[in-house]
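Single-letter residue listing:
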Amino acid sequence: MQQFLNLTTTGITFGVLYAAFALCLVLIFRATRIINFAQGAQAAFTTYLAYELVVERDQPYWVGFLVALVAGFLLGAFIERVVVRRVETGPEINAVIVTLGLFVALEALIGILFGQDFLGFPAPFDASSGFAVGDTQIAQTANDRYRILSVLVALGLLVALFRFTDVGLRLRAAAFGQEVARLLGVRVGRMLTLGWALAGLFGSLAGVLIAGGGFISPGFMQTSVIFGFVAAVLGGLDSFVGAIVGGLVLGLTQSYVAGYVDGDLVNMGALAVLLVVLLAKPGGLFSSSVARKV
Amino acid sequence: MLEVRDVVTTYGPVLALDGVSLSVPAGRITAVLGANGAGKTTLLRTVSGLVRPKAGAVELDGKDITRLPVEAMVQRGMAHVPEGRGVIAELTVAENLKLGGLFRKGAKDSEADEVYDLFPALRERRDRSAHTLSGGERQMLVVGRALLARPRVLLLDEPSLGLAPRVVAQIFGIVRDLVDRTGLAVLLVEQNAKSALSIADTGVVLNLGRVVATDSADALAADEQLRHAFLGF
Amino acid sequence: MTDTSEKASTKVTPAGGGSGGGALAALTRSRGLRHLALVLAAYVGIVLLLQLFGDFRDTQLATMAYFVPAAAGLTLLTGVNGQISLGHGALMAVGAYTTAAILDRADLTPFILVVLASVAAAAVVGLLVGVAAARLHGPYLAGATLALAVGLPGIAIYFGDLFGGEQGLRVRPPDPPAWFEDLAGGDLGRTYPALLGWALALSVLWFLSNLVTSRYGRQWRAVRDDEVAASLCGIDLGRARVLAFVVSAACAGVGGALLAVTSRLVAPTSVTLVLSLYLLTAIVLGGLGSLLGAVLGSAILAFLPTVLTNRALDSGLDSAAAANLAPMVFGLVLVVVMLAAPRGIVGTTRIALLSRKLKKQRAAALASRT
């Protein structure tokens, strides 16, 4: 029973982090109909920048944190404007291949700049002790609470941006009705760049949170890419709520598979979940019933 | 107000507009008529900048706007309601309307009330997602949204498509009224030539990318030979 | 299948040529025979090359031999049938691990049977993935195959007893059969793995070239270009797609088997995601859908990474970091090619030649009118 509780707690923490990552993918997909396979590598790169500042140059954690977020924002914008813009129209397969190329190139760049070794990344809060509720031990650390809270706050801000601001309205218009939005005066190109920038920022947040209290290596976000992707697909690629639920499902799956079966089979577990869901409901569990009529 | 001069537009090897010229004066409704594929929609898309012409010019108040980016048109006072209506289905009615005024300096949220006064059906549905609207309601929404941009020129592409005659009459009536009261210039593309000519002042008939007739609406409606040949009634 | 012995015996006679007009006419008429002649000529060329080069180049040629079938299979799947796969590195792994596991236990088996077993294993996995994938497209398919690529090393580690865990399995390359040693003598003997590899690679190429021009190839292209039209013509979309997947997986299996005997080690680190990306880069750079492009891409895969890694080592990077230069360059190449010349080397050249021909024709037509 205790093991189940521990696994569930860990599963929820990681689930929230994967959900954050899935949200980035959904954000970009809704705006440009592209899956950004490079998202994980972008996040990893900015996390390494934070590492450089905090561990190698003795800066406070929060400086590194902030730099990672800003770098994520800028990197996302840069990639959209310079690379992805050219393949946004045209065959789907081209965009997929481009983001894959970026994925591999960025990860390799990290390896060149920082080496392949596992490096410890600091956590801003205690990452070792859980707490007790009566007789039961809950394996949730202060760091875990910080992670969950950060994602929720960031998510809240993002939703507020979309729902209640003019910029958010323009972003949504650009994502849902490009041509019409242009006719209404929306600078669609800029909105797409902004969308990628926001996704980059969010991804960097996820990266730093995942890294904190653990180890980083050039490929440390690979699992998140897979899991985030599967989570987003579970949610139908169009739904934020679906991405969150998907993230939690994946986090728990990872935890249970690692705990009850074997840590090495975790990725295949995700693949199995993906295939089972897609074979049953090709549009994802939460596929939007809004047909795009005009 | 709006001048189109010798515009030639191609889609790859296909010649869609072959030297089209027309005038859209203020306070008048100019109808562009013709069969499917005559180039009517292409004409509107060229005017609003969604498509660049190969040759020719589009002028607004004497200024050449041919190569302006689409996004700049709203600020110049041109609103284009595209074929298929252009409702953003994932947004609410209120949000769609808000988009209309977003790029006008000094736009206020309260202005949406003017649209709700014109189209009461929209008021009831203001917070509902636009995809729940019927065809007629959507057309009202996009016309209302276009009006919130306070345009001086309004481009309407086949507003009557798929709508019941009663609804078409209602919308056309509102447009005519606005034109008479405010001096709005309207370029109206319609396949339903009969309804269009009933509210238009001038008609321009296109066939295979060329203008075959330009005359007052009454004269065109009376010309049986022309009507049979190009307008289907 | 006695391909190897066939090739070994016919390679001493001149390819093509033969007995005058009748044979020559038959050759040029049948595309299959034309390709066969080409393949045999290529084999002769490779045998000569192996003689000329030293050990290191021989290894690189052998490396190219294991990329060729995998790349060719992938270009068929992605270029001809339009299904993108990031999992072909994993399919190669299936072939490689099968070969390694069998040879680990019974090295008396004639090698060709080991290859067949690897092909079968890869084909089975390909069938499973292909069935699941038949309903997916574009990014969904990419993501699913990505998960396969990232997840497969984990399975190899999990079944550590069978597959050697983290360390992997050592592979003893097969000994040349007796008749070969008699025929070729000691010198050629050391190049046996490369000769074997190329015999298999060229066989796969010949097989695919016929398949691509057959009605299967036409069906695959139809499914890629317009699903609705294809199914209206009576083509079973699912079956066509699954078949393409299985064939390309089988080819990857051949590549994997050859990878096992050439690298002499199969470990989780030899079949990472980077391998899948390398294959993709090879076929994109060469030209999607072109077998010639796959061969060109394989050549680049075989020769370029070493150059890059050495360059990186020379400039002072440690070996782990230096090993990253090649993937970085390949990733960037992939991006640049997609942006600048998405048709790859073969595709762009073909278009350039065609348009030059058209221009000449137009000029000639114009001239003859005036």
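The present account deals with the structure reproduced in this document. All values derive from a computational prediction rather than experimental measurement.

1. Examining the overall build of chain C
Consideration 1: When helices and strands are counted, chain C shows 18 helices and two strands.
Consideration 2: Burial status across chain C gives 51% buried among its 370 residues.
Consideration 3: Sequence separation of 24 or more characterises 78% of the internal contacts of chain C that already satisfy a separation of 6 or more.
Consideration 4: Only carbon and sulfur atoms are counted for the fraction: they give 64% of the accessible area of chain C, which is about 16,600 Å².

2. With respect to the sheet that holds strand 9 (residues 202–207) of chain B
All names here are of chain B.
Consideration 1: One open sheet holds the six strands; their spatial order is 6-7-8-3-9-10, and the pairing between them is mixed. Edge positions in the open sheet fall to strand 6 (78–81) and strand 10 (210–216), since each of these has one partner strand only. Each neighbouring strand pair of the sheet contributes to a mean axis angle of 15 degrees, computed without reference to strand direction.
Consideration 2: Judged from the four bridges that link them, strand 3 (residues 29–33) and strand 9 form a sheet pairing that is parallel. What sits directly across from Ala31, in strand 9, is Gly203.
Consideration 3: On top of the sheet, helix 1 (residues 40–48) reaches strand 3, strand 6, strand 7 (153–157), strand 8 (185–190) and strand 9; it is set at about 150 degrees to strand 7, its chief contact.
Consideration 4: Against the sheet, helix 10 (residues 224–231) engages strand 3, strand 9 and strand 10, with an angle of about 50 degrees to strand 9.

3. Here we look at the pairing of strand 10 of chain B
Within a regular strand, side chains alternate between the sheet's two faces.
Residue and element names in this part refer to chain B.
Consideration 1: Where strand 9 lies against strand 10, six bridges are found, and the strand directions are antiparallel. Following the sheet pairing, Val204 is matched in strand 10 by Thr214.
Consideration 2: Two successive antiparallel strands, strand 9 and strand 10, enclose a turn made up of two residues, where Leu208 displays a positive phi of approximately 50 degrees.

4. Structural notes on helix 17 (residues 325–340) of chain C
Each turn of an α-helix holds 3.6 residues, which means side chains three or four residues apart point in the same direction.
Consideration 1: Compared with an ideal rise of 1.5 Å per residue, which puts 16 residues at 22 Å, helix 17 of chain C spans 22 Å between its outermost C-alpha atoms and is within 8% of the ideal.
Consideration 2: Those residues of helix 17 of chain C lying buried are C:Leu325, C:Ala326, C:Pro327, C:Met328, C:Phe330, C:Gly331, C:Leu334, C:Val335, C:Val337 and C:Met338.
Consideration 3: On its buried side, helix 17 of chain C packs onto helix 4 (92–114) of chain A together with helix 14 (273–286), helix 15 (291–314) and helix 16 (319–322) of chain C.

5. Structural notes on the nonpolar core
Nonpolar side chains in soluble globular proteins generally cluster together in the buried interior.
Consideration 1: Among the nonpolar cores identified, the biggest contains 226 residues, and A:Phe37, B:Leu99, C:Leu146, C:Trp198, C:Leu208 and C:Leu280 are the most heavily contacted of them.
Consideration 2: A per-element tally of this core places helix 13 (residues 237–263) of chain C first, with 15 residues.
Consideration 3: Sequence-distant contacts of C:Leu208, that is, excluding residues within four places in its chain, are made with C:Ala72, C:Gly73, C:Leu76, C:Val247, C:Cys251 and C:Leu291.
Consideration 4: Ranked by size, the runner-up nonpolar core spans 47 residues in total, among them B:Ala79, B:Leu141, B:Val142 and B:Val175.

6. Details of the side chain of A:Thr47
Consideration 1: Looking at the element boundaries, A:Thr47 is found in helix 2 (residues 39–56).
Consideration 2: When neighbours within four sequence positions are excluded, A:Thr47 is seen to be in contact with A:Phe121, A:Gly207, A:Val208, A:Ala211, A:Ile216 and A:Phe220.

7. Things to note about empty space enclosed by the protein
Consideration 1: Summed over the entire model, instances satisfying the criterion amount to three cavities of 30 Å³ or more.
Consideration 2: Counted as a void, the largest cavity has a volume near 70 Å³.
Consideration 3: Lining the largest cavity, in full, are A:Leu183, A:Leu184, B:Val74, B:Met78, B:Ala79, B:His80, B:Val81, B:Val142, B:Arg145, B:Ala146 and B:Ala149.
Consideration 4: Broken down by secondary-structure element, the contributors of at least two residues to the lining of the largest cavity are strand 6 and helix 6 (135–148) of chain B.
Consideration 5: For the lining of the largest cavity, the element with the most residues is strand 6 of chain B, which contributes four residues.
Consideration 6: Of the residues belonging to the lining of the largest cavity, the class tally is nine nonpolar, one polar and one charged.

8. Some details on the interface of chain B and chain A
Consideration 1: Taken together, the contacts link 25 residues of chain B with 21 residues of chain A.
Consideration 2: Carbon and sulfur atoms make up 65% of the area that chain B and chain A hide from each other, which totals about 2,300 Å².
Consideration 3: The largest per-residue losses of area from chain B upon contact with chain A belong to B:Glu71, B:Glu90 and B:Phe103, which jointly make up 26% of the total buried on that side.
Consideration 4: Linking chain B to chain A there are four salt bridges.
Consideration 5: Here A:Arg172 and B:Glu95 are joined by a salt bridge, their closest N and O atoms 2.6 Å apart.

9. Focus on the side chain of A:Thr8
Consideration 1: Among the secondary structure elements, A:Thr8 is positioned in helix 1 (residues 2–32).
Consideration 2: Ignoring sequence-local partners within four residues, the contact set of A:Thr8 consists of A:Leu252 and A:Tyr256.

10. Concerning the sheet that holds strand 5 (residues 63–64) of chain B
Residues and elements named next belong to chain B.
Consideration 1: Taken together, the four strands give an open sheet; going across it, the order is 2-1-4-5, and neighbouring strands pair in antiparallel fashion. Since the sheet does not close on itself, it has two edges, and those belong to strand 2 (14–24) and strand 5, each with one partner.
Consideration 2: Examined bridge by bridge, strand 1 (residues 2–11) and strand 4 (residues 55–60) share five bridges and lie antiparallel to one another. Bridging from a neighbouring strand, Leu2 pairs with Leu60 of strand 4.

11. Comments concerning the interface of chain A and chain C
Consideration 1: If you look at the interface, chain A gives 40 residues, while chain C gives 41 residues.
Consideration 2: Of the roughly 3,700 Å² buried at the junction of chain A and chain C (both faces included), carbon and sulfur atoms supply 82%.
Consideration 3: Looking only at chain A, the three residues that lose the most surface to chain C are A:Ile97, A:Val104 and A:Ile112, adding up to 15% of its buried area.
Consideration 4: Across the contact surface, chain A and chain C share zero salt bridges.
Consideration 5: Remark: the boundary between chain A and chain C carries one residue pair in polar contact (both at pLDDT 80 or more).

12. Focus on the packing of helix 9 (residues 222–234) of chain A against helix 7 (residues 138–158) of chain C
Consideration 1: Here helix 9 of chain A crosses helix 7 of chain C at 140 degrees, and the two axes come no closer than 10 Å. For the element pair helix 9 of chain A / helix 7 of chain C, the angle class is oblique. Relative to helix 7 of chain C, helix 9 of chain A is oriented so that their crossing is left-handed. For the pair formed by helix 9 of chain A and helix 7 of chain C, the contact residues are A:Gln222, A:Val225, A:Ile226, A:Phe229 and A:Val233 on the first element and C:Pro139, C:Tyr140, C:Gly143, C:Ala144, C:Leu146, C:Ala147 and C:Val150 on the second.

13. With respect to the packing of aromatic side chains
Residue and element names in this part refer to chain A.
Consideration 1: Evaluated as defined, the whole model comprises 19 aromatic pairs over all chains.
Consideration 2: Consider the rings of Tyr18 and Phe227, whose centres lie 5.0 Å apart with planes at 70 degrees: the pair is edge-to-face. A residue pair is termed long-range when its members are at least 10 positions apart, and Tyr18 in helix 1 and Phe227 in helix 9 qualify at 209 residues.
Consideration 3: A residue is classified by how much of its surface remains accessible, and Tyr18, at 3% relative accessible area, is buried.
Consideration 4: Residues Tyr256 and Tyr260 carry aromatic rings whose centres are separated by 6.2 Å and whose planes lie at 20 degrees to one another, so their mutual orientation is stacked. Residue Tyr256 and its partner Tyr260 are both found in helix 10 (residues 240–261); the two are separated by four residues, about one turn of the helix.
Consideration 5: The rings of Tyr61, Trp62, Phe65, Phe125 and Tyr146 are connected pair by pair, giving a single aromatic cluster.
Consideration 6: Sitting over the face of the ring of Phe14, Arg147 holds its NZ or CZ atom 5.5 Å from the ring centroid.

14. Some details on the arrangement of the chains
Consideration 1: Most contacts, compared over the two pairs of chains touching, are made between chains A and C.
Consideration 2: The closest approach of any C-alpha atom in chain B to one in chain C is 17 Å; the two make no contact.

15. Describing unusual backbone geometry
Consideration 1: Even without a glycine there, the phi angle at A:Arg33 is positive, about 60 degrees.
Consideration 2: As for its position among the elements, A:Arg33 is in the loop between helix 1 and helix 2.
Consideration 3: Its relative accessible area of 44% is what places A:Arg33 among the partly exposed residues.
Consideration 4: The residue B:Arg150 is not glycine, and still its phi comes out positive at about 45 degrees.
Consideration 5: As for its position among the elements, B:Arg150 is in the loop between helix 6 and strand 7.
Consideration 6: Of the residues examined, B:Arg150 reaches a relative accessible area of 37% and is grouped as partly exposed.

16. Considering the pairing of strand 1 of chain B
All names here are of chain B.
Consideration 1: Here strand 1 pairs with strand 2 via eight bridges, running antiparallel. The residue bridging Leu2 from the neighbouring strand is Val24, located in strand 2.
Consideration 2: Counting the residues between successive antiparallel strands, the hairpin from strand 1 to strand 2 contains two residues, one of them, Gly12, with a positive phi of roughly 65 degrees.

17. Observations concerning helix 11 (residues 215–225) of chain C
Residue and element names in this part refer to chain C.
Consideration 1: Residues of helix 11 that are buried: Gly217, Trp220 and Val223. The buried residues of helix 11 all sit within an arc of 125 degrees when viewed along its axis, so they share a single face. Away from the buried face of helix 11 by more than 90 degrees, exposed residues Arg218 and Asp225 are located.
Consideration 2: On its buried face, helix 11 sits against helix 4 (55–80), helix 10 (192–213), helix 12 (227–232) and helix 13.

Scoring rules and cut-offs
- Residue indices begin from 1 for each chain and proceed along its sequence in written order.
- By the order in which they are written, chains take letters starting at A while ligands take numbers starting at 1.
- Where totals are concerned, whole chains, interfaces and linings use all residues; where local detail is concerned, this predicted model gives features only for residues with pLDDT of at least 70, and gives and counts side-chain atom pairs only at 80 or more.
- The side-chain figures draw on all heavy atoms in the structure; neither hydrogens nor water molecules are used.
- The helix count covers DSSP runs of H or I at least four residues long, the strand count covers runs of E at least two residues long, and both are numbered beginning at the N terminus.
- Exposure categories follow from relative accessible area, calculated using a 1.4 Å probe and restricted to protein chains: below 20% of the type maximum is buried, above 50% is exposed, and the middle band is partly exposed.
- Residue contacts are counted whenever heavy atoms from the two residues lie within 4.5 Å of one another.
- For every accessible area listed, the method is Shrake-Rupley and the probe measures 1.4 Å; residues are considered covered only by the protein chains on display.
- A strand pair is defined by DSSP finding two or more bridges across the two strands.
- Note on method: axes are straight lines fitted to C-alpha atoms, helices fitted across the in-contact stretch only, with angles between N-to-C directions ranging 0 to 180 degrees.
- Helices are assigned an expected span. That span is 1.5 Å times one less than the residue count.
- Among buried residues, the Ala, Val, Leu, Ile, Met, Phe, Trp, Tyr and Cys ones that are joined through side-chain atoms within 4.5 Å form a nonpolar core.
- The pocket and cavity definitions rest on a 1 Å grid over protein atoms only: a 1.4 Å probe that fits but cannot leave marks a cavity, an open set with protein on both sides within 12 Å along at least five of seven lines marks a pocket, and residues lining either have an atom within 4 Å of a point.
- Grid points are joined across faces, edges and corners, and a volume is the space filled by probe spheres set on the points.
- Note that Gly is not counted as nonpolar here; it falls among the polar residues with everything else outside the nonpolar set of Ala, Val, Leu, Ile, Met, Phe, Trp, Tyr, Cys and Pro and the charged set of Asp, Glu, Lys and Arg.
- Once two parts are put together, the accessible area they lose, assessed with a 1.4 Å probe and summed over both, is termed the buried area.
- By salt bridge we mean one thing: a side-chain nitrogen of Lys or Arg within 4 Å of a carboxyl oxygen of Asp or Glu.
- Throughout this description, a polar contact denotes any pair of N or O atoms lying within 3.5 Å of each other; where both atoms belong to protein, one of them has to be capable of donating a hydrogen while the other can accept it, and for residues adjacent in sequence the pair is counted only when both atoms sit in side chains.
- An angle counts as roughly parallel when it lies under 35 degrees, as roughly antiparallel when it exceeds 145, as roughly perpendicular when it falls between 65 and 115, and as oblique in every other case.
- Crossings are sorted by hand: turned counterclockwise from the far helix by less than a right angle, the near helix makes the crossing left-handed, and turned clockwise it makes it right-handed.
- Each Phe, Tyr or Trp ring (for Trp, its six-membered ring) is paired with any other whose centre lies within 6.5 Å, and the angle between the two planes then decides the class: stacked below 30 degrees, edge-to-face above 60, tilted in between.
- Geometrically, a lysine NZ or arginine CZ counts as sitting over a ring once it is within 6 Å of the ring centre and also within 35 degrees of the ring normal.
- Directions from the helix axis toward the C-beta atoms define the arc.

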